[in-house]
Amino acid sequence: MRVTQSRYDGELDQFHLAIRMLGLQARTSTIGRYTGLSSDRIRKAYVSYVAEHGKKKLPQRKRGRPPSRVTRFVKTLDQHCESTVLMSLFMHAGLLVVDGPRNCTVSRTINMLTRGNRLCDAYEMHRYLVPGGDMTLELAAALLRALGETHELVISRCEACGALYVQDAYALDYGHGPFCDEFKMGH
C-alpha cells in the first residue's frame, strides 16, 4: 500500500500543478512540459476545473504554439523592466543559476514538477509586484527558456548602478539597465 500511495501522491501533485497552470491560462504544451501529463489528461483536468469553478469565472484559454520571440522581452522600456524583475525572481526561486559572467542555466537539481511550481510562484509574485503588466505565464516560461536553456537572452550588469538586467544576446549592449534608463528619462 505504501508504494502505491507514493505513486498516487506524485500523480496528485501533477494534477494540482496542471490545475494551477490552467488557472494562470497556460497552454496545454506548457502544462505538459512541467507536469509530464498527456494532452488528454490535461483536457480532462480542464473539464474538471470548469466544473468546479464554472465557465463564467474561467478565463479563455490561449491556443497554438507558445511565444518564443525573445525581442519581446527587451523591445520597450516597460517590457524590459518587467523581464528584469521576473529574471531576478527566477534567481531568487532557484530556477536560474549564474554560470559565467553573462550566462545562466536552469537549475538541474530540481525536477520538472518543482520547477513548474516555482515558475508559478515567481510569476504570481511578479503579478503582485508589477500590477497591470503584460507578462503572462506563457511569456514567463519563454523568458526562463531564453535565459537558461537557449541563451538567446543573457544577464548583464549595469555600469551605472551595478544591477543585473536582461539583455538580448545578439543585440548591442550599451551597459545601462532598463531602470537606469527609466531614471534618466524621468529627470
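See above for the structure.
Parameters and conventions
Residues numbered from 1 in each chain as written. Predicted model: local features only at pLDDT ≥ 70, side-chain atom pairs only at ≥ 80, totals over all residues. Heavy atoms only, no water. Helix = DSSP H or I, 4+ residues; strand = E, 2+ residues; numbered from the N terminus. Buried < 20%, exposed > 50% of the residue type's maximum accessible area, 1.4 Å probe, protein only. Contact = heavy atoms within 4.5 Å. Pairing = 2+ DSSP bridges.

A look at the overall build of the protein chain
- Assigned secondary structure in the protein chain consists of 7 helices and 4 strands.
- Secondary structure elements of the protein chain occur, N-terminal to C-terminal, as α-α-α-α-β-β-α-α-β-β-α.
- When the 187 residues of the protein chain are sorted by exposure, 40% land in the buried category.
- Within the protein chain, counting contacts between residues at least 6 apart in sequence, those at least 24 apart form 59% of the total.

A look at unusual backbone geometry
- If you check the backbone angles, Gln25 has positive phi at about 65 degrees while not being a glycine.
- Despite not being glycine, His151 has its phi angle at roughly 60 degrees, a positive value.
- Along the chain, the position of His151 falls in the loop between helix H6 (137-148) and strand E3 (153-157).
- What makes His151 partly exposed here is its relative accessible area of 26%.

What about the environment of Val74?
- Along the chain, the position of Val74 falls in the loop between helix H3 (39-53) and helix H4 (77-92).
- Taking relative accessible area as the criterion, Val74 reaches 22% and is therefore assigned partly exposed.
- With 93 residues separating them along the chain, Val74 and Gln167 place their C-alpha atoms 7.1 Å apart.

So, the pairing of E3
- Across the 5 residues that make up E3, a large majority, 4, are buried.
- Hairpin connection of E3 to strand E4 (residues 164-168): 6 residues between the antiparallel strands, including Gly162 at a positive phi of 85 degrees.

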